[in-house]
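Notes for the structure review
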Amino acid sequence: MIPLLLSLLLAWPPGTGAQQDPLMPFMENLDADRNVILKWGFSEVQGTIMFQLTVKTTGWLGFGFSPNGGMAASDIVMGGVGPNGTYFMDYYATGNSFPLVDKKQSYTLLSLTEADGQTTMTFRRPIQSCDEEDFHIPVMKLIYAYGTSDDIRYHANRRGTKEVNLLKFMPRSSPPDSNYLDFVMENVTVPAERTYYHCKVMKVPKLNGKNHIYRIEPVIEHLDLVHHMLLYGCPSSVNQTYEKKCYTEGSGEDCIRVVSAWGVGGGAFELPEIAGIPIGGQNNDEFYRLEIHYNNLAQEAGRRDSSGLRLYYTAQLRQHDVGIMTTGLMVAIGWGYAIPPNATAFHSYGLCNTSHFSDIMPDPVPDLSVFSVALHTHLAGRKVQAGHIRNGEQIDFLGLDENFNFEMQQATNLGNIKTIKPGDEIVVECTYNTTNRKGITQLGLATTDEMCLAFVFYYPAIPVTSCCSHPDMHAYMAMMGKTMLKTAAWDQSSTAVHEATMKRVPQIGFIIDVNVSIHSIKM
């Protein structure tokens, strides 16, 4: 049961001092006058979605899902607080007439309250219902109606509809002082190579104090070339601009604090209304490094590109600074990590143990509220999951993609806020299919190499930029011998032994802070 006071606070539009509800982090005004407000959150693991409908009325409320915005063939719930207590029922409509009671009541009422001239109805249902009268929950048209009394009858003009993607919702805010900065390449020549990483270090224009980034949009000139982009903040040791091929010698390689990540198939990304990425001011970066992975499949010569990222910012500071932490399998080129060929489902993983955060920052380490995750692997990746471990037991997933698509990678807002407590672990596991490959696949930058990463978006920000691990390959060699990775006779048996050994050997953890200090831990 949600306390009345919290329900009332959460009902009002942003900017009134309301706190974000971790169970229902999304909110949309369904009408132009903001008399009808919907909040929701979901758990894909549990397969449920929770709603809270608040309407400025003391009469009945109706809410539902429609194929076209009308009443016919819609799936509806109605409820309210009457003279004799609360009432709530699941209905379905066959036309523009009073809906029929659904034989299978798929909605569960959690609370119904009435105070200060408004009614708040909180309820949940399965995301995928077995009831033929219920809608599944993808992109759909939401409908609502309400009355001025508890006598449920024709709503007149007290109704409306709005199309909302409930499971992949991306809000749009427009602060009155909104500005933007473009971090883009300028007519860069893309070599006739399948994989090329280009980097550009830029100085941010002087801002009037600290600001918050609240929205990030991709600026893509050639969709067939740009695979993914990362924008990093630079430490104070980086004090000049430059532009060249990535991962060559240069101070810009110290820029490792992720500010933004975009992958092919993704769109604009909006941050929660209580948090923003800091930019400007005395304690924030002056220089930023834009990294673009170009995937020139046709290996065409003479291609030029001016893609990048547009960052919208505001001087109206939000409650929290956002941090983005890289977790997963450390991309350590030349360390001998190998994914065998002819494997239908080879598993690899990387570990982040947050108990070591106190080694590099003063106590107490705060709880981290995770609101979004971007999962990343390459062409062989088929499944990626970021498990959340507490006291040795998995309690949830921070991210889960069981049908990973290399051509569709983007940050995904979580259905509810996940809390990482000090001592929790994040385990990122990737499943690869290499049945079309003749040789081993290594970790690396090329699309034909592999990665296994999860970019975790959270608040409040802490001075940790990366928390990854890598199997101890010295321990592996001691157990299996140096010739195992060079064998040409990979079969189902040798692949299974190799995978099991990689999981059995100790992991070496790496925590990197904002000053680019690397702390290694044997786990």
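In short, a report on the structure.

Cut-off values and rules
Per chain, residues are indexed from 1 in the order of the written sequence. The predicted nature of this model means local features are confined to residues of pLDDT at least 70 and side-chain atom pairs, given and counted, to a pLDDT of 80 or more, with totals for whole chains, interfaces and linings taken over all residues. Computation of side-chain values covers all heavy atoms of the structure but excludes hydrogens and water. Numbering of helices and strands starts at the N terminus; helices are DSSP runs of H or I of at least 4 residues and strands are runs of E of at least 2. Think of it in three bands: with a 1.4 Å probe and only protein chains considered, a residue is buried below 20% of the maximum accessible area for its type, exposed above 50%, and partly exposed in between. The term polar contact refers here to a pair of N or O atoms within 3.5 Å; inside protein, the definition further demands a hydrogen-donor-capable atom paired with an acceptor-capable atom, and it admits residues adjacent in sequence only when both atoms are side-chain atoms. When checking whether two residues touch, look at their non-hydrogen atoms; a contact exists if any pair is within 4.5 Å. Given a helix with a known number of residues, its expected span is that number minus one, times 1.5 Å. Think of it as the arc spanned by the lines of direction from the helix axis to the C-beta atoms. Side-chain rings of Phe, Tyr and Trp (the six-membered ring for Trp) are treated as a pair once their centres are within 6.5 Å; stacked means planes under 30 degrees apart, edge-to-face means over 60, and tilted covers the remaining angles. A ring is scored as having a charge over it whenever the NZ atom of a lysine or the CZ atom of an arginine sits within 6 Å of its centre and within 35 degrees of its normal. A pair of strands is considered paired only if DSSP assigns at least 2 bridges between the two. For helices, the axis comes from a line fit to the C-alpha atoms of the stretch in contact; other axes are also lines fit to C-alpha atoms, and the angle between any two N-to-C directions lies between 0 and 180 degrees. When two cysteine sulfur atoms lie within 2.5 Å, the pair is treated as a disulfide.

Attention shifts here to the side chain of S469. Tracing the chain through its elements places S469 in strand β35 (residues 464–471). With relative accessibility at 0%, the residue S469 sits in the buried group. Polar side-chain contacts of S469 include one of 2.7 Å to the backbone nitrogen of L351. Excluding residues that lie within four positions of it along the chain, S469 makes contacts with G328, L329, M330, G350, L351, Q507, I508, G509, F510 and M523.

Here P191 shows up in the loop between β13 (188–190) and β14 (195–203). Note: C-alpha distance between P191 and Q299 (108 residues apart in sequence) is 7.6 Å. Setting aside chain neighbours within four positions, we find P191 in contact with Y196, N296 and E300.

Along its 13 residues, helix α3 (residues 492–504) runs 18 Å from first to last C-alpha, staying within 8% of the 18 Å computed at 1.5 Å per residue. Turning to α3, its buried residues number three or more, namely S494, T495, H498, E499, T501 and M502. Considered in projection along α3, the buried side chains sweep an arc of 165 degrees and stay on one side of the axis. The outward face of α3, more than 90 degrees from its buried face, is lined by the exposed residues Q492 and R504. Where α3 is buried, its residues contact β26 (338–339), β27 (346–353), β35, α2 (473–480) and β36 (507–513). Where α3 begins, one side-chain oxygen reaches toward the backbone nitrogen of S493, 3.1 Å away; that side chain belongs to D491.

Looking now at the packing of aromatic side chains. Scanning all chains against the criterion turns up 17 aromatic pairs. Counting every residue linked through ring pairs, the aromatic cluster contains F51, F63, F65, F88, Y107 and F123. Across the ring face of Y242, the terminal group of K244 is positioned such that the distance to the ring centre comes to 4.9 Å. One residue, R289, lies across the ring of Y247, its end atom 6.0 Å from the ring centre.

Turning to the pairing of strand β5 (residues 75–82), a few remarks are in order. Taken across its 8 residues, β5 has 7 buried, putting it largely inside the fold. Here strand β4 (residues 61–66) runs beside β5; their pairing, made up of 5 bridges, is antiparallel. Its bridge partner being in β5, G62 is matched across the sheet by M78. Sheet topology note: the β5/strand β6 (residues 85–92) ladder contains 8 bridges and is antiparallel. If you follow G79 over to β6, its bridge partner there is F88. Between β5 and β6, which follow one another and run antiparallel, lie 2 residues.

Spatial strand order, β17-β14-β21-β16-β18: 5 strands in an open sheet with antiparallel pairing. Every other strand in the sheet has two partners, leaving β17 (242–245) and β18 (257–263) as the edge strands with one partner each. Pairs of neighbouring strands in the sheet enclose a mean axial angle of 15 degrees, with direction left out of account. By the bridge criterion, 6 bridges tie strand β16 (residues 226–233) to β18 in an arrangement that is antiparallel. Counterpart to H228 in the pairing with β18 is G263.

Cis geometry is adopted by the peptide bond preceding P364, which originates at D363 and carries an omega value of 0 degrees. Here P364 is to be found in the loop between β27 and β28 (368–376). Look at the link from Y459 to P460: it is a cis peptide, with omega at -5 degrees. The phi torsion at D116 lies on the positive side, around 55 degrees, for a residue other than glycine. Classification of D116 as exposed rests on a relative accessible area of 73%. At N187, a position not held by glycine, the phi torsion is positive, near 55 degrees.

A separate point is the sheet that holds strand β3 (residues 48–55). Across the sheet, which stays open at both edges, the 5 strands sit in the order β1-β2-β3-β9-β8 with antiparallel pairing between neighbours. In this open sheet, the two strands that pair with only one neighbour each are β1 (26–29) and β8 (108–115). For this sheet, the mean inter-axis angle between neighbouring strands, taken without regard to orientation, is 15 degrees. For β8 and strand β9 (residues 118–126), the ladder comprises 7 bridges, and the chain directions are antiparallel. Pairing of T113 across the sheet is with T120, part of β9.

For α2, the set of buried residues is M473, A475 and Y476. The buried residues of α2 occupy an angular sector of 150 degrees when the element is viewed end-on, so they sit on one face. What points out from α2, more than 90 degrees from its buried face, is the exposed set H474 and A478. Residues of α2 that are buried sit in contact with β35 and α3. If you check the start of α2, you find a side-chain oxygen 3.1 Å away from the backbone N of H474, and it comes from D472. G481 lies just past α2 and shows a positive phi near 90 degrees.

All chains considered together, the criterion is met by 4 disulfides. For C234, the disulfide goes to C255, at an S-S distance of 2.1 Å. Taking the torsion about the S-S bond as the criterion, the C234 to C255 disulfide, at about 100 degrees, is right-handed. Pair noted here: C234 is in the loop between β16 and β17 and C255 is in the loop between β17 and β18, with a separation of 21 residues, a long-range link. A disulfide bridge connects C352 with C467, and the sulfur atoms are separated by 2.1 Å. Classification of the bridge connecting C352 and C467 rests on its S-S torsion, roughly 100 degrees, and on that basis the disulfide is right-handed. With C352 in strand β27 and C467 in strand β35, this residue pair connects regions lying 115 residues apart in the sequence. For the pair shown, C352 and C467 are each scored as buried. Numbered by position along the chain, the disulfide-linked cysteines of the protein connect as 1-3, 2-4, 5-8, 6-7. The thiol of C468 is unpaired, and the distance to the nearest cysteine sulfur, on C467, comes to 6.8 Å.

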